[in-house]
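# Notes for the structure review
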Amino acid sequence: MQAIGIDIGGTNIKGVLINGDGTMLHEMQCKTNEKEANWWKSAATDMLHRLREKATDKNIPVGLSAPGLANHNNDCIKLMPGRLEGLEHFIWTDYLKTPTWVLNDAHAALMAEAKFGTGKGYRHIVLLTLGTGVGGGIMINGVLHQGLLNRAGHLGHVTLHADGDICDVTNMPASLEDAIGDCTIERRSFGKFTSTYNLVQAYKAGDTVAVYVWLQAVKRLAVALCSFINTISPEIIILGGGIAQAGDDLFKPLNSFMNIFEWSHSDIRIPVVQALFDEYSGAVGAAGFALHKTLLH
């Protein structure tokens, strides 16, 4: 069985056609124009038509991922203030003229990894997307946990210090997102760096400020991950997003800090691994979610 996934982001709209094992048969993308709602809606429609032409089954299931909170029916994004005007409460099934399952983009990334990537075969998974912000998803007993208001999994908005002076976009003081996300890199680096990529390059070169700022962020990430282990007890933790592309420069110091903070019960360590899917994770996960929902129905 095949499925189509479309991922609407602030920079690009991506689409994939996958088969039942997650293999991408076709992929495409175009730039997002956030200022013209009708443009990105029509771009998604055009992408769907082009991918459907390549599919063997014209009644193929469709999934769509986007920033924000999906509603309880997973047929629209219910809450996404300040971005992608017109996205909130927009029923994609009516617009695309085909049943379309909608979910949060980080939840979609989790579905991609759980069904087809590094999380395949695991039933209890925590995933974080480390980028401009920090998104996340939780799988319990093989099922994506969305919770009340489909708000579950916003792991970037846990606090690391209740008495922190600065609150994030959810009004949470000293959040994980503010500790490692690109959104705060200039403030955290005393104005020296404008992106985590530049920070990591300077860290590799031994720059004193870069080493301090990067290892401080990684330590805070390790503390958060160990907290998630204590509360959720996953079998595996998966890190995706642009910051995870730092590879060993992230995972080696992260492992060192987790050796300190992780409650290692019965000598069992929870593996922390890099996501398999990256650029098309939202689209692949949306397609996988559509396959899952179709089989349930």
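Since we're looking at a predicted model, the values are computed, not measured.

Turning our eyes to something else, we now look at the sheet that holds strand 8 (residues 125–130). In sheet architecture, strand pairing relies on hydrogen bonds along the backbone and comes in two forms, parallel and antiparallel. Reading across the sheet, the 5 strands line up as 10-9-8-11-12 and stay open at both edges, with mixed pairing between neighbours. The sheet is open, and its two borders are formed by strand 10 (143–144) and strand 12 (272–274), each paired with just one other strand. Where strand 8 meets strand 11 (residues 236–240), 5 bridges bridge the pair, whose relative direction is parallel. Following the sheet pairing, Leu128 is matched in strand 11 by Leu239. Contacting strand 8, strand 11 and strand 12, helix 8 (residues 248–261) runs over the sheet at an angle of about 170 degrees to strand 12.

Here we take up a nonpolar patch on the surface. On the surface, Leu160, Val223, Ile260 and Phe261 cluster together to form a nonpolar patch covering roughly 320 Å² of accessible area. Mapped onto the secondary structure, Ile260 falls in helix 8. Looking at Ile260, the relative accessible area reads 60%, which means it is exposed.

Opposite charge on two side chains allows them to pair when their charged atoms are near. Evaluation of the coordinates by the stated rule reveals 5 salt bridges. A salt bridge links Asp207 to Lys192; the nearest nitrogen and oxygen atoms lie 2.8 Å apart. With Asp207 in the loop between helix 6 (196–204) and helix 7 (208–232) and Lys192 in the loop between helix 5 (185–188) and helix 6, this pair connects stretches of sequence that are 15 residues apart.

Turning our eyes to something else, we now look at helix 7. Along its 25 residues, helix 7 runs 36 Å from first to last C-alpha, staying within 8% of the 36 Å computed at 1.5 Å per residue. Residues Ala210, Val213, Trp214, Ala217, Val218, Leu221, Ala222, Ala224, Leu225, Cys226, Phe228 and Ile229 constitute the buried set of helix 7. One side-chain oxygen of the residue at the start of helix 7 lies 3.1 Å from the amide nitrogen of Val209, identifying that residue as Asp207.

Moving on: the nonpolar core. Leu128, Leu130, Trp214, Leu221, Leu225, Leu239 and Leu250 are the most contacted members of the largest nonpolar core, which totals 37 residues. Listed by contribution, the elements that provide at least two residues to this core are strand 8, strand 9 (134–140), helix 4 (176–180), helix 6, helix 7, strand 11 and helix 8. Broken down by element, the residue count for this core peaks at 12 residues, all from helix 7. Among residues more than four places away in sequence, those in contact with Trp214 are Thr196, Leu199, Val200, Tyr203, Ile243, Ala246, Asp249 and Leu250. Judged by nonpolar contacts, the second largest core, of 26 residues, contains Ile4, Ala43, Met47 and Phe90.

Quick notes on the rules
Residues numbered from 1 in each chain as written. Predicted model: local features only at pLDDT ≥ 70, side-chain atom pairs only at ≥ 80, totals over all residues. Heavy atoms only, no water. Pairing = 2+ DSSP bridges. Helix = DSSP H or I, 4+ residues; strand = E, 2+ residues; numbered from the N terminus. Contact = heavy atoms within 4.5 Å. Axes fitted to C-alpha atoms, helices over the stretch in contact; angles between N-to-C directions. Patch = residues over 30% accessible without salt bridge, like charges linked within 9 Å, V, L, I, M, F, W, Y side chains within 5 Å. Areas by Shrake-Rupley, 256 points an atom, 1.4 Å probe, with all protein chains shown as cover. Salt bridge = Lys/Arg side-chain N within 4 Å of Asp/Glu carboxyl O. Buried < 20%, exposed > 50% of the residue type's maximum accessible area, 1.4 Å probe, protein only. Expected span 1.5 Å × (residues − 1). Polar contact = N/O pair within 3.5 Å; in protein donor to acceptor, adjacent residues only side chain to side chain. Core = buried A, V, L, I, M, F, W, Y, C linked by side-chain atoms within 4.5 Å.

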